[in-house]
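Below, each chain spelled out in residue letters.
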Amino acid sequence: MIKLLKEYIKVIGYTFTGLVFGAAFFLLFINFYHYKDISTKLERKDEDIQTYKQYVNDRLSEVKSITESFNPNLYKGPKERVMLMTINSKLQLCVKEFEDEKLNEALDKKELTIKDVYNFQNLYRSKIVNGCIVNQLYDLGVTGNEAKFHDADLAKIAPFLKLNADSIRTDDDYVANVLLNNGSYFFSSENSKSNIYEMTRDSFYEIRNSYTKSIDLLLEFSRWFKGIV
Amino acid sequence: MVRILNGMFYFLKFILLLVAFGTSLYVLIAMYQRLEKDMFNLIYVFIPYAVLLVLFIINMFFKQTGVTKNVFFNLTCCLVFFTIAFLALRSVFDVNMIYRWKNTYHINFNFYSDMLTFINVMMYGLCIADGFLMFSEGGFIFKRKNKENKSLKEKKDKKAREEKPIAVQVDDEETL
């Protein structure tokens, strides 16, 4: 009787050991695969990097030439000189933000992991969205009594400025939320693997599109500035 | 071969238990600091570690062969502790999990807390398995019985030695 009981105890003991073995084995390998999956790299073509770099440089040099050509001491037009000087310095500060070394490094990377995209998104948000769009251009888009300068030409371009600034401000919110999704997800599959790769690729190009939008807005605004001085 | 493997896993499980405990402790202390939780509550997380250590000591002390000479059990222990250490290290060093960058501690607490349930299930599972297996080969009673058998055997041997006739040295010249 005791022998039989011991046999049963042994079977139960082995069953528990087997279950724990299975759980540990599953957890270890699923994590190993997830680790491999999220290390997936997005490779960019040299052509793509060079073309985009050229596109950005062309626009930045145009904005720079506009700001450099304006001399407040020589200006004899009807506009308020303080306003023109403020706008000019705002444009110069924006160009400085666009020329940030770290941001350009992130933009020119050939191989991108999801962490690189996250860093790029953070840099873009702090330098371009906050440093240029919100801090420099957004208040020029305010109209009515709260407007900083009461100028007819500025009032005309203000809605365009505000609309674009609002759009750029919320553009990368979705990307930021999507990027955080890879931290707690661990059940790996072919589907999730491709999702992570697509997330890296799509997030990067989404942020880059927003970057393009910002630089285009800056260029449009500086062309308007050139028109009024 | 099996004996060598068993010996290896047997000692490895003690080392890996320490490693798993150390890495988990590091992550959990940082997590509790971050969440400003009472450190005393950490004790509840580490109860299964303590229980398992006590069980291992009992196994070793009473030489319970159902556990100590069980290759499968020792291998499972090694696998579980290795997995726990791997999960803790991954939450610290895996730079591609974005939550690691979101909080300032550079440890992915989100990931580790997801895994805590699995860790507890595995640890308590090992405790239960150890409990059953230690009784499968007699447990504590088996040893006492063995002791009794040993003392009986010693008495019998002694008696046999006493009853054995002493060999007498015979002089060759006398016999001739």
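Reading the values: the criteria
Residues numbered from 1 in each chain as written. Chains lettered and ligands numbered in written order. Predicted model: local features only at pLDDT ≥ 70, side-chain atom pairs only at ≥ 80, totals over all residues. Axes fitted to C-alpha atoms, helices over the stretch in contact; angles between N-to-C directions. Helix = DSSP H or I, 4+ residues; strand = E, 2+ residues; numbered from the N terminus. Parallel < 35°, antiparallel > 145°, perpendicular 65-115°, else oblique. Left-handed = near helix turned anticlockwise from the far one by under 90°. Contact = placed C-beta atoms within 7 Å. Nonpolar A, V, L, I, M, F, W, Y, C, P; charged D, E, K, R; others polar. Domains from an automatic or database assignment. Expected span 1.5 Å × (residues − 1). Buried ≥ 20, exposed ≤ 12 C-beta atoms within 10 Å, placed from the backbone. Core = buried A, V, L, I, M, F, W, Y, C linked by C-beta atoms within 7 Å.

Draft legend 1. Examining the packing of helix α4 (residues 71-93) of chain B against helix α6 (residues 109-136) of chain B more closely. All names here are of chain B. At their nearest, the axes of α4 and α6 sit 11 Å apart, and the two run at 165° to each other. Relative to α6, the element α4 lies roughly antiparallel. For the pair α4 and α6, the sense of crossing is left-handed. In this structure, α4 uses Phe73, Cys77, Val80, Ile84, Leu87, Ala88 and Ser91 to contact α6, whose residues at the interface are Phe111, Tyr112, Met115, Ile119, Met122, Leu126, Ala129 and Leu133. A per-class count over the contact of α4 with α6 returns 14 nonpolar, 1 polar and no charged.

Draft legend 2. Focus on the domain arrangement of chain A. Domain parsing of chain A yields domain 1 (1-38) and domain 2 (42-228). Computed over C-alpha atoms, the centres of domain 1 of chain A and domain 2 of chain A are 54 Å apart.

Draft legend 3. Main features of helix α3 (residues 81-98) of chain A. Its 18 residues place the ends of α3(A) 26 Å apart at the C-alpha level, agreeing with the 26 Å of an ideal helix rising 1.5 Å per residue. Looking only at α3(A), the buried set comprises A:Ile87, A:Asn88, A:Lys90, A:Leu91, A:Cys94, A:Val95, A:Glu97 and A:Phe98.

Draft legend 4. Representation of the interface of chain A and chain B within the structure. Contacts between the two partners involve 28 residues from chain A and, on the opposite side, 32 residues from chain B. When contributions to the side of chain A that touches chain B are tallied by element, the ones reaching two or more residues are α1 (2-38) and α5 (114-137) of chain A. In terms of residue count, the dominant contributor to the side of chain A that touches chain B is α1(A) (18 residues). Taken together, the residues that form the side of chain A that touches chain B break down as 17 nonpolar, 8 polar and 3 charged.

Draft legend 5. Broad picture of the environment of A:Asp37. Residues and elements named next belong to chain A. With respect to the helices, strands and loops of the structure, Asp37 is situated in helix α1. What makes Asp37 buried here is the crowd of 21 C-beta atoms within 10 Å. Separated by 159 residues in the primary sequence, Asp37 and Ile196 place their C-alpha atoms 7.2 Å from one another.

Draft legend 6. Representation of the nonpolar core. Counting 80 residues, the largest nonpolar core has A:Val20, A:Ile114, B:Val80, B:Phe81, B:Tyr112 and B:Leu126 as the members making the most contacts within it. When residues in this core are grouped by element, the largest group, 13 residues, is from α6(B). Two domains each put at least three residues into this core: domain 1 (1-38) and domain 2 (42-228) of chain A. With near-sequence residues (within four places) excluded, B:Tyr112 lies in contact with B:Val27, B:Met31, B:Leu87, B:Ala88 and B:Ser91.

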